[in-house]
Amino acid sequence: MVTQKQRSETTRAKLVKAFRAAFLKRGYDATSVDSVLSETELSKGALYHHFRSKTEIVEAIYTDESRRAIERALQSVDEALPPLVRLRDACVAWLGEVKTPSVSKILFEIGPSALGQQRAKRIEDSFSLKAFENLLKEAADDGEITLEQPALTARLLNALVAEAALYNLGENNDSAESVARAIDGIFESLRA
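Here's what I pulled together on the structure shown here.

Rules of the game
Residues numbered from 1 in each chain as written. Predicted model: local features only at pLDDT ≥ 70, side-chain atom pairs only at ≥ 80, totals over all residues. Heavy atoms only, no water. Helix = DSSP H or I, 4+ residues; strand = E, 2+ residues; numbered from the N terminus. Buried < 20%, exposed > 50% of the residue type's maximum accessible area, 1.4 Å probe, protein only. Contact = heavy atoms within 4.5 Å. Areas by Shrake-Rupley, 256 points an atom, 1.4 Å probe, with all protein chains shown as cover. Expected span 1.5 Å × (residues − 1). Salt bridge = Lys/Arg side-chain N within 4 Å of Asp/Glu carboxyl O. Phe/Tyr/Trp six-rings, centres within 6.5 Å; stacked < 30°, edge-to-face > 60°. Lys NZ or Arg CZ within 6 Å of the ring centre and 35° of its normal. Core = buried A, V, L, I, M, F, W, Y, C linked by side-chain atoms within 4.5 Å. Lys, Arg positive; Asp, Glu negative; His and termini not counted. Polar contact = N/O pair within 3.5 Å; in protein donor to acceptor, adjacent residues only side chain to side chain.

### As for the overall build of the protein chain
Part 1: Helix and strand counts for the protein chain stand at nine helices and zero strands.
Part 2: Beginning at the N terminus, the succession of helices and strands in the protein chain can be written as α-α-α-α-α-α-α-α-α.
Part 3: Dimensions along the principal axes, computed over C-alpha positions, put the protein chain at roughly 60 × 45 × 25 Å.
Part 4: Expressed as a percentage of its 192 residues, the buried residues of the protein chain come to 43%.
Part 5: Taking the contacts inside the protein chain whose residues are at least 6 apart along the sequence as the reference set, 69% of them involve residues at least 24 apart.
Part 6: Roughly 10,600 Å² of accessible area belongs to the protein chain as shown, and the carbon and sulfur atoms make up 51% of that amount.

If you want it as structure tokens, here you go:
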């Protein structure tokens, strides 16, 4: 027997999937709540049970996409490698993740325009900065680097990779090798 909680989760997932598809196809501004509800055959009551606004739906989609892109990048890296190599490789892998058109559109267009740059950055940082900082601390604990300010170093790496992603998208370029060398240079300056 299906529980109320399972029905609620199914409804929420259906809404997120439908709004994600609509935002990708039509953009945030051109997507109306009524049109998506008509497509899903769900009621406004069902929508407002899960989300207070269209912006809150974008936030859920952006949060999920941001989390999954970081997770996929981190999971693509061999855990047996030293922490700094894993971090560099994860940064490069993330650049590959965000080349996917739907991912880049959500992370660099829809999310920031609907949520504002600061809110979008806080969401993205909640996933990437924590992972970066943990790997930097692991490297310091292993004696690979001397690190006085892991949070600052994580922010610098995060900014470097984000700017490289924007550059790649704007120039239709692949800067993975350049980014890897830049990260290696940063790490070299931190060697114990």
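### Observations regarding helix α4 (residues 54-75)
Part 1: Here α4 spans 31 Å end to end across 22 residues, near enough to the 32 Å set by a 1.5 Å rise per residue.
Part 2: For α4, the set of buried residues is Lys-54, Ile-57, Val-58, Ala-60, Ile-61, Tyr-62, Glu-65, Ser-66, Ala-69, Ile-70 and Ala-73.
Part 3: Where α4 is buried, its residues contact α1 (4-26), α2 (33-40), α3 (44-50), α5 (83-97), α6 (101-115) and α7 (117-141).

### A short note on the pattern of salt bridges
Part 1: The full count for this structure, using the stated rule, is 20 salt bridges.
Part 2: One network of salt bridges, with partners in common, ties together Arg-20, Asp-64, Glu-65, Arg-67, Arg-68, Glu-71, Arg-72 and Glu-97.

### Quick word on the packing of aromatic side chains
Part 1: In total, this model carries three aromatic pairs according to the counting rule given.
Part 2: Aromatic side chains Phe-23 and Tyr-28 sit 5.6 Å apart centroid to centroid with 40 degrees between the ring planes, which places their arrangement in the tilted category. With respect to burial, Phe-23 and Tyr-28 carry one shared label: buried.
Part 3: Connected via pairs of aromatic rings, a cluster forms that spans Phe-19, Phe-23 and Tyr-28.
Part 4: Lys-54 extends its terminal NZ or CZ atom over the ring of Tyr-28, reaching a point 4.3 Å from the ring centre.

### Examining the nonpolar core
Part 1: Ranked by size, the top nonpolar core spans 53 residues in total, and within it Phe-19, Phe-23, Leu-47, Leu-87, Trp-94 and Leu-136 carry the most contacts.
Part 2: Residue contributions to this core peak at eight residues, all from α4.

### So, the side chain of Glu-124
Part 1: Inspection of the secondary structure assignment puts Glu-124 in helix α7.
Part 2: At 5.8 Å, Lys-121 is the nearest oppositely charged side chain to Glu-124, a buried residue that forms no salt bridge.
Part 3: Only 3.0 Å separates the side chain of Glu-124 from the side chain of Ser-128, close enough to count as a polar contact.
Part 4: The residues contacting Glu-124, other than those within four sequence positions of it, are Tyr-62, Ser-66, Ile-70 and Asn-158.

### Quick look at α5
Part 1: In this model α5 runs 20 Å from its N-terminal to its C-terminal C-alpha over 15 residues, within 8% of the 21 Å that 1.5 Å per residue would give.
Part 2: Among all positions in α5, only Pro-83, Leu-84, Arg-86, Leu-87, Arg-88, Ala-90, Cys-91, Trp-94, Leu-95 and Glu-97 are buried.
Part 3: For α5, the secondary structure elements touched by its buried residues are α4, α6, α7, α8 (150-171) and α9 (176-189).

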